[in-house]
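# Descriptive structure summary
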Amino acid sequence: MSEGIIQPDQPETLEGDGKDLFSKFDDIIALREGLLASGQEDPFNLVMEKVLSPTRAICNGRETILLGTYNYMGMTFDPDVVEAGKQALADFGSGTTGSRVLNGTYQGHKECEEALREFYDMDHAMVFSTGYQANLGIISTIAGKGDYIVLDIDSHASIWDGCAMGQAEVVPFKHNDIEAMEKRLKRIPEGAGKLVVLEGVYSMLGDIAPLKEMVAVAKKYGAMVLVDEAHSMGFIGEHGRGVVEDAGVIDDVDFIIGTFSKSVGTVGGFCVSNHPKFEIMRLVCRPYVFTASLPPSVVATAATSIRKLMHGSNKRAHLWENSKNLHKGLRDLGFQLGTEEPQSAIIAVIMPDLERGAAMWEALIRNGLYVNLARPPATPANMTLLRCSLCAEHSEGEVSQILEIFEKSGKEIGII
Ligand SMILES: Cc1ncc(COP(=O)(O)O)c(C=O)c1O
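Residues numbered from 1 in each chain as written. Predicted model: local features only at pLDDT ≥ 70, side-chain atom pairs only at ≥ 80, totals over all residues.

## Concerning helix α7 (residues 211–220)
Within α7, burial applies to Leu 211, Met 214, Val 215 and Ala 218. The buried residues of α7 occupy an angular sector of 95° when the element is viewed end-on, so they sit on one face. Looking at the buried residues of α7, the elements they touch are α6 (178–187), β9 (194–199), β12 (224–228) and α8 (243–246). Gly 222, located one to two residues past α7, shows a positive phi value of around 70°. (Buried ≥ 20, exposed ≤ 12 C-beta atoms within 10 Å, placed from the backbone. Helix = DSSP H or I, 4+ residues; strand = E, 2+ residues; numbered from the N terminus. Arc of directions from axis to C-beta. Contact = placed C-beta atoms within 7 Å.)

So this is what it looks like as structure tokens:
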């Protein structure tokens, strides 16, 4: 889903001779002002004054447990990762000042792509400046006018934007509904180009896609398949390759999209593929060509982190323990959760409405716990969610502390 994005109404207000181009935001401005006027702390303007570790920061002068980052594997303070970044900064300078296809490909970018090829055991890897640009670029370049994209209605904003940019026919289906997906594929005219776009883990509720069945259906109708594994890389699957690995379909998908901004612990995006013509993408994909490449320090931290994630099975096991313990604990406290069982490192707590959701968010932060507040229209079924994302560096004791803070805050607000 498009996290945090408000879809504006059409502009109506006339000012002087022209339209006030900001008038389309009046509703959201009023909503926000109303919330803040009630004394509510702004949940979308939190400042981390100091970051102490992957799981702790100083927020509002208070030590706070972080349960709303995407630092799933806790790599941001890994000594080898930090050292690699420092060394690259010293050896190659602070930035490349250019596109990958001109002066912006350094040794570090090639090493990062090599690390990705090894991590996924795939032939090709292409690094983008963000995961957003990876989806934007790959989807818009491979599916253009006259082609069809069949995608889950709850897809991330970068997927929708990639579809819009390429101007393909977009055919959404109900979230995780295999039958609905097949119906859409069946109706596509014979001979048309078809791309099915799925995510391994859907980040709002933390649920996973039934990829085994969905990839089989896509193949039955001759569609190419792209899977965004942003929220599963490093964690799900025997080698951390994502839900595609866990479901045994990694060799059947055409493209895997991922990001460095979550488990890898830095910033950047990528696509890996075994398609024999894949390398041409470097010349025809506009969000790859027409932007500066990642700084040397970033690709060095990414490559080091990816190589360490190849040997992260102990961390993966601990993160699963954390996810199970938090899910059970929250459920036992009486909270309503987004999934029956823990399916990923994200556990979504469903709030009765935006007001109580915002109040609960504020109580949690006051009591020393940061989570993500997500609200409509970014969320499925107009839900207000407190999204908890766990880290492999959360200790068992921290998970117990998190549960205590949820209990205290829930009672203060009267939600449990
Ligand atoms: C499913 C999904 N795809 C892509 C992205 C974009 O990643 P990045 O932060 O690297 O732009 C995100 C980020 O939230 C995401 O959740």
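Following the structure, the description resumes.
## Things to note about the site of the ligand
Around the ligand lies a shell of 13 residues, among which Thr 130, Gly 131, Tyr 132, Ala 230 and Thr 259 are the nearest. Within the shell around the ligand, the residues separate by chemical class into 2 nonpolar, 9 polar and 2 charged. (Near = placed C-beta within 6 Å. Nonpolar A, V, L, I, M, F, W, Y, C, P; charged D, E, K, R; others polar.)

## Section: the environment of Gly 334
Note on placement: Gly 334 falls in the loop between α12 (313–333) and β15 (336–337). The class of Gly 334 is exposed, set by 10 C-beta atoms lying within 10 Å. A sequence separation of 92 residues divides Gly 334 from Gly 242, and the C-alpha atoms of the two residues are 31 Å apart.

## Some words on the sheet that holds strand β6 (residues 124–128)
As summarised here, the arrangement of the 7 strands in space is β6-β14-β13-β12-β9-β7-β8, forming an open sheet in which the pairing is mixed. The open sheet has two edge strands with one neighbour each: β6 and β8 (169–173). Across the sheet, the mean angle from the axis of one strand to that of its neighbour is 20°, orientation sign disregarded. Alignment of β12 against strand β13 (residues 255–259), held across 3 bridges, turns out to be parallel. (Pairing = 2+ DSSP bridges. Axes fitted to C-alpha atoms, helices over the stretch in contact; angles between N-to-C directions.)

## A few points about the packing of helix α4 (residues 131–142) against helix α5 (residues 157–166)
Where α4 contacts α5, the axes come no closer than 7 Å and their chain directions differ by 35°. Relative to α5, α4 is oriented so that their crossing is right-handed. On α5, the residues touching Gly 131, Tyr 132, Asn 135, Leu 136, Ile 139, Ser 140 and Thr 141 of α4 are Ser 158, Ile 159, Asp 161, Gly 162, Cys 163, Met 165 and Gly 166. Here the contact of α4 with α5 is composed, by residue class, of 6 nonpolar, 7 polar and 1 charged. (Left-handed = near helix turned anticlockwise from the far one by under 90°.)

## Regarding the nonpolar core
In this structure, Leu 211 and Val 349 are the most contacted members of the largest nonpolar core, which totals 117 residues. Setting aside residues no more than four positions away along its own chain, Leu 211 makes contact with Leu 198, Gly 200, Val 227, Val 243, Val 244, Ala 247 and Val 249. (Core = buried A, V, L, I, M, F, W, Y, C linked by C-beta atoms within 7 Å.)

## Some remarks on unusual backbone geometry
With the exception of glycine, the majority of residues adopt a negative phi angle, and the majority of peptide bonds are in the trans configuration. Along the chain, Pro 376 connects to Pro 377 via a cis peptide bond; the corresponding omega equals 5°. Of note, Thr 97 is a non-glycine position whose phi angle comes to about 55°, a positive value. Looking at where Thr 97 falls in the secondary structure, it is placed in the loop between α2 (79–92) and α3 (107–120). You will see that Ala 381, though not glycine, has its phi angle at about 50°, which is positive. Summarising the element assignment, Ala 381 is placed in the loop between β18 (372–374) and β19 (384–389).

## Points about the domain arrangement of the chain
When its domains are assigned, the chain resolves into domain 1 (37–73 + 313–413) and domain 2 (79–309). Each of domain 1 and domain 2 has a C-alpha centre, and these two points are 27 Å apart. With 18 residues of domain 1 at the interface, the matching set in domain 2 holds 20 residues. Broken down by secondary-structure element, the contributors of at least two residues to the side of domain 1 that touches domain 2 are α12 and β16 (346–351). Take the side of domain 1 that touches domain 2: its biggest share by element is 3 residues, from β16. Of the residues belonging to the side of domain 1 that touches domain 2, the class tally is 11 nonpolar, 6 polar and 1 charged. (Domains from an automatic or database assignment.)

## A few points about the pairing of strand β4 (residues 56–59)
The pairing of strand β3 (residues 48–53) with β4 spans 4 bridges and is classified as antiparallel. Note on β4: the bridge partner recorded for Met 48 is Cys 59. Between β3 and β4, which pair antiparallel and follow one another directly, the connecting turn spans 2 residues. Following β4, the chain reverses through 2 residues before pairing antiparallel with strand β5 (residues 62–66); Asn 60 in that reversal takes a positive phi of roughly 50°.

## Quick look at the pairing of β12
Most of β12 is tucked away: 5 of the 5 residues are buried. Of the two faces of β12, the one lined by Met 224, Leu 226 and Asp 228 and the one lined by Val 225 and Val 227 are each fully buried. Taken together, the 5 bridges between β9 and β12 define a ladder with parallel strand orientation. Bridge pairing in β12 links Leu 195 to Met 224.

## Side note on the confidence of the model for the chain
On average, the chain scores 95 in pLDDT, and the residues at 70 or more come to 96%. The least confident element of the chain, judged by mean pLDDT, is strand β1 (residues 14–15) at 54; the most confident is strand β14 (residues 269–273) at 99. (pLDDT = per-residue confidence, 0-100.)

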